[in-house]
Amino acid sequence: MYKLHTLKNGVRVVSEYIPYVRSVSLGIWIGTGSRSESKKNNGISHFIEHMLFKGTVNRTAKDIAESIDCIGGQLNAFTGKEYTCFYTKTLDTHLDIAIDVLSDMLFNSKIDQNDIDIERKVILEEINMYEDSPEELVHDILSEVIWAGNPLGYPILGTGESLNQINREEILSYMRDNYTPANTVIAIAGNFDYEKTMDLISNKFEKWKVENNKQSVYSETKFNNDIIFRFKDTEQAHICIGFQGIEQGDDSIYDLLVINNIFGGGMSSRLFQKIREEKGLAYSVYSYPSSYQKAGLFTIYAGMNPSQISEVVKLIFEEINLLNKNKIAEEELIKAKEQLKGNYILGLESTSSRMNSIGKSELLLRKIRTPDEILDRINLITVETVSNMIDRIFSNKNISISVVGTIDENLDLKKLIIIE
């Protein structure tokens, strides 16, 4: 069972005890990401993620790495649009070390100017590497198009221009505003002594005080309809088609997940079978939903020879219109629900995935559902609820497209966007 304990300063500690494993995963979730940024400081959340590994008043960068490496554990971090997470996975006997290292990084990092200048170069190279991966870049460009003018559309890594404006004072100011107890969740999953662990966490985190103890709040977003091309000298062209999706916390996301499994979520999906297996027009083709606070997106991706773009887009919209017209049969729905349940249960096999699930849920939704509650919700999906979701996603005019690659300048995708 999950337990939630709130420290006196507002830090929430959510935990799941799993007695039959020997590992424990610990994550410090901060409710800030690229969506909390401005155009000027875009990329600062990810920059801070890097900086917290560069050394504290107690440990050098090498000491931080060795503290976890020498006990056979894992230490890492990631930044999203609405959160940043620093996490460890260790043997259950080493949880105290993990808590000590992560709290030291959070509270005692030096944020040295020389380290900032070095890490800026590293992140600029990371951006360059991303620019050289058009199959990834096309997804970011789609977000920029759909949420143009809103921070939700900003790239997580930032830009060369914004990174060059970030200095030490900017970082410290951003951390004062966003790294607050009320904006923090500590998530633990695995084999651990609850009372001892709470004492360790209280000792490290309860003294944390800030002047402005705020939690991130995001405004409504507007879905922009547009088509954008990014010309790159590549062998393949990469395309993303985006529809307005389901926001974080909306229970109907499970209906969309079932549709996704059938439509483009795997090797047995309609898109994969039609475009890759039957026609041989793309090596990779798939779809996926993304959910954020007060915003959502449903994305279809395909990578193909530039000469096949029109044909692939035409086939994608043919499959969308078949879905709109015929919806989903009961037999197909039963299989998709079992697939969704199987994927979910298998995803709970590791302490890392459980920690991610409970940490993210508590941070963004302030509630955590048990596996049984989620399985019960999936069982409630019917042909009717799925049909309603198909109408909600695919029968509207909220469509944007991004294309990256060597593209014919005369290509007109607008004439291929036909929703029946």
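Everything discussed here concerns the structure shown above.
Strand order in the open sheet formed by 6 strands is E1-E2-E6-E3-E5-E4, and the pairing between neighbours is mixed. Every interior strand has two partners, whereas the edge strands, strand E1 (2–6) and strand E4 (74–79), have only one. Each neighbouring strand pair of the sheet contributes to a mean axis angle of 15°, computed without reference to strand direction. Bridging between strand E2 (residues 12–17) and strand E6 (residues 184–190) involves 6 bridges; their strand directions are parallel. Residue pairing across strands places Arg12 opposite Val185, the latter belonging to E6.

Glancing now at the pairing of E6. Most of E6 sits inside the fold, with 7 of its 7 residues counted as buried. What you see with E6 is no split at all: Thr184, Ile186, Ile188 and Gly190 on one side and Val185, Ala187 and Ala189 on the other are buried throughout.

The next subject is the pairing of strand E5 (residues 84–91). When strand E3 (residues 23–30) meets E5, the two strands line up antiparallel, connected through 8 bridges. Within E5, the residue paired with Ser23 across the bridge is Leu91. Between E4 and E5, which pair antiparallel and follow one another directly, the connecting turn spans 4 residues.

Turning to the packing of aromatic side chains, a few remarks are in order. For the coordinates displayed, the defined rule picks out 15 aromatic pairs. Taken together, a centroid distance of 5.2 Å and an interplanar angle of 75° make the contact between Phe243 and Phe394 edge-to-face. Note that Phe243 is positioned in strand E8 (residues 237–244) and Phe394 in helix H15 (residues 383–394), a separation of 151 residues in sequence. Pairwise contacts between aromatic rings join Trp29, Phe78, Tyr83 and Tyr87 into one cluster. Taking NZ or CZ as reference, Lys3 lies 4.3 Å from the ring centre of Tyr194, over its face.

This paragraph deals with the side chain of Asn150. Looking at where Asn150 falls in the secondary structure, it is placed in the loop between helix H5 (134–146) and helix H6 (160–163). The contact partners of Asn150, leaving out residues within four places of it in the chain, are Glu220 and Thr221.

Calculation rules
Residues numbered from 1 in each chain as written. Predicted model: local features only at pLDDT ≥ 70, side-chain atom pairs only at ≥ 80, totals over all residues. Heavy atoms only, no water. Pairing = 2+ DSSP bridges. Helix = DSSP H or I, 4+ residues; strand = E, 2+ residues; numbered from the N terminus. Axes fitted to C-alpha atoms, helices over the stretch in contact; angles between N-to-C directions. Buried < 20%, exposed > 50% of the residue type's maximum accessible area, 1.4 Å probe, protein only. Phe/Tyr/Trp six-rings, centres within 6.5 Å; stacked < 30°, edge-to-face > 60°. Lys NZ or Arg CZ within 6 Å of the ring centre and 35° of its normal. Contact = heavy atoms within 4.5 Å.

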